[in-house]
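Overview (structure and organization)
These are the residues of each chain, in order.
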Amino acid sequence: MTTQEGEGIRTTGAAVQGGTMTVEVGPNDSTVEVSVGSSDRTQSIPVPPGKTAVIPVPDVPAGTVLWVSVGKGLRRRTILVEVIALLT
Amino acid sequence: MRLDPVLLAAPSGPPALVPTRRAFMLGGTLFAAGLSLGGACGYAIGSRRTEGGEEVEVSTGDADLDELRRLAVKAPIEELVKHRLVFVNATFADYPKDATLWKGIGRLAEFVLSDFAMDDRRKFAAALAGVIEQADIVVSRDLRQLAPKLRRVR
């Protein structure tokens, strides 16, 4: 699984359905937003500054791409995380 | 032989070249009416173009929205593509019903479908399809047809 990072945010490029994803944020960001591409379906997860957040993967079908971001407006940093199915 | 006196009417002179007062008043009234109507129509057409057109010059008072609108319709496609994640994220999260920003989403969708060398093309195409499918139907109506094509990008 590749690591994906932007300025001030880092996580893996894919997340397993029903699992968690680890997101590292910079010292000035206190929340991480996870969205499936709509303001109605956005979760804001508090995270200690400069720490790592372990975020449950939303209950979405495999293949869905999540918008994971920190910051607001044009100062927002965003990365895309694809939800994959766990092969058994 | 008897001669009867005959009165001959003198031929009338050429029509007056100088306009009469009535003609002047009529002309003036028509000019004023035309000026008013033309001004009103011109203003209305100009307002409509500014609302959803590509000539967004009027500041909204929101610096972020102004910059996003510039990216959406005026910036070169390369610049919009460079800032695509922030642009799309801000559009659906902060200004989900701004018609001008959705023109930028449309430009991005067309670009993704035509540019095979784009970084992370498949993932971005799938993410963009999700955004379009969940958007307000009014602003995304013209883009809905692109969502299935974006889903098929490999």
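The structure reproduced in this document is the subject of the present report. (Residues numbered from 1 in each chain as written. Chains lettered and ligands numbered in written order. Predicted model: local features only at pLDDT ≥ 70, side-chain atom pairs only at ≥ 80, totals over all residues. Heavy atoms only, no water.)

Right, let's get into the packing of aromatic side chains. What the rule picks out here adds up to 1 aromatic pair over all chains. Just above the ring of B:Phe124 sits the side chain of B:Arg84; from NZ or CZ to the centre is 5.4 Å. (Phe/Tyr/Trp six-rings, centres within 6.5 Å; stacked < 30°, edge-to-face > 60°. Lys NZ or Arg CZ within 6 Å of the ring centre and 35° of its normal.)

A full pass over the atoms with the stated rule returns 11 salt bridges over all chains. For A:Arg77, the salt bridge goes to A:Asp29, with nearest N and O atoms at 2.6 Å. Residue A:Arg77 is found in strand β9 (residues 77-84), and its partner A:Asp29 is found in the loop between β4 (20-25) and β5 (31-35); the two are separated by 48 residues along the sequence. Sharing partners across several salt bridges, the network here consists of B:Glu67, B:Arg70 and B:Glu79. (Salt bridge = Lys/Arg side-chain N within 4 Å of Asp/Glu carboxyl O. Helix = DSSP H or I, 4+ residues; strand = E, 2+ residues; numbered from the N terminus.)

For the rest of this paragraph, the subject is the pairing of β5(A). Note on strand geometry: in a regular strand, side chains alternate between the two faces of the sheet. All names here are of chain A. By the criterion of burial, β5 is predominantly enclosed, with 4 of the 5 residues buried. Here β5 pairs with strand β6 (residues 42-46) via 5 bridges, running antiparallel. Bridge assignment links Val32 to a residue of β6, and that residue is Ile45. Hairpin connection from β5 to β6: 6 residues lie between these consecutive antiparallel strands, with Gly37 at a positive phi of about 110°. (Buried < 20%, exposed > 50% of the residue type's maximum accessible area, 1.4 Å probe, protein only. Pairing = 2+ DSSP bridges.)

Right, let's talk about the environment of B:Glu67 for a bit. Its location among the elements puts B:Glu67 in helix α2 (residues 63-73). By relative accessible area, B:Glu67 is classed as partly exposed at 28%.

Across the boundary between the two partners, chain B contributes 22 residues, which contact 19 residues of chain A. The three residues of chain B that bury the most area against chain A are B:Phe92, B:Lys123 and B:Gln134, which together make up 32% of that side's buried surface. If you look at where chain B meets chain A, you find 3 salt bridges. One salt bridge in this structure joins A:Arg75 and B:Asp64, with 3.2 Å as the shortest N-O distance. Across the contact surface, chain B and chain A share 7 residue pairs in polar contact (both at pLDDT 80 or more). Those elements that place two or more of their residues in the side of chain B that touches chain A are α2, α4 (84-94) and α6 (121-134) of chain B. It is α6(B) that contributes the most residues to the side of chain B that touches chain A, 9 residues altogether. The class makeup of the residues in the side of chain B that touches chain A is 13 nonpolar, 3 polar and 6 charged. (Contact = heavy atoms within 4.5 Å. Buried area = accessible area lost by both parts, 1.4 Å probe. Polar contact = N/O pair within 3.5 Å; in protein donor to acceptor, adjacent residues only side chain to side chain. Nonpolar A, V, L, I, M, F, W, Y, C, P; charged D, E, K, R; others polar.)

Residues and elements named next belong to chain B. Close contact between α4 and helix α5 (residues 99-114) brings their axes to 10 Å; oriented N to C, the two are set at 135°. Classified by the interaxial angle, the pair formed by α4 and α5 is oblique. Crossing of α4 against α5: the hand is left-handed. Between α4 and α5, the residues in contact are Arg84, Phe87, Val88 and Thr91 and Leu101, Trp102, Gly104, Ile105 and Leu108, respectively. In the contact of α4 with α5, the residues fall into 6 nonpolar, 2 polar and 1 charged. (Axes fitted to C-alpha atoms, helices over the stretch in contact; angles between N-to-C directions. Parallel < 35°, antiparallel > 145°, perpendicular 65-115°, else oblique. Left-handed = near helix turned anticlockwise from the far one by under 90°.)

In this section: the sheet that holds strand β8 (residues 65-70) of chain A. By definition, the strands of a sheet pair up through backbone hydrogen bonds, in either a parallel or an antiparallel sense. Spatial ordering of the open sheet is given by β3-β9-β8-β5-β6 (chain A), a layout of 5 strands whose pairing is mixed. Across the chains shown, the open sheet's two edge strands, defined by having one partner strand only, are β3 (14-16) and β6 of chain A. Going across the sheet, the axis of each strand differs from the next one's by a mean of 30°, ignoring polarity. Where β5(A) and β8(A) come together, 3 bridges link them in antiparallel fashion. Residue pairing in the sheet places A:Ser35 in a bridge with A:Trp67 of β8(A). Docked against the sheet, α6(B) engages β8 and β9 of chain A, running at close to 90° with respect to β8(A).

Judged by nonpolar contacts, the single largest core of 39 residues is most densely connected at B:Phe87, B:Val88, B:Phe124 and B:Leu128. Elements with a minimum of two residues in this core: β8 of chain A together with α2, α3 (77-82), α4, α5, α6 and α8 (146-151) of chain B. Ranked by residues supplied to this core, first place goes to α6(B) with 8 residues. If we skip the residues at most four places from it in the chain, B:Phe87 touches B:Leu68, B:Leu71, B:Ala72, B:Leu80, B:Leu101, B:Gly104, B:Ile105 and B:Leu108. Counting residues in hydrophobic clusters, the runner-up holds 20 residues, among them A:Val32, A:Val36, A:Val60 and A:Leu66. (Core = buried A, V, L, I, M, F, W, Y, C linked by side-chain atoms within 4.5 Å.)

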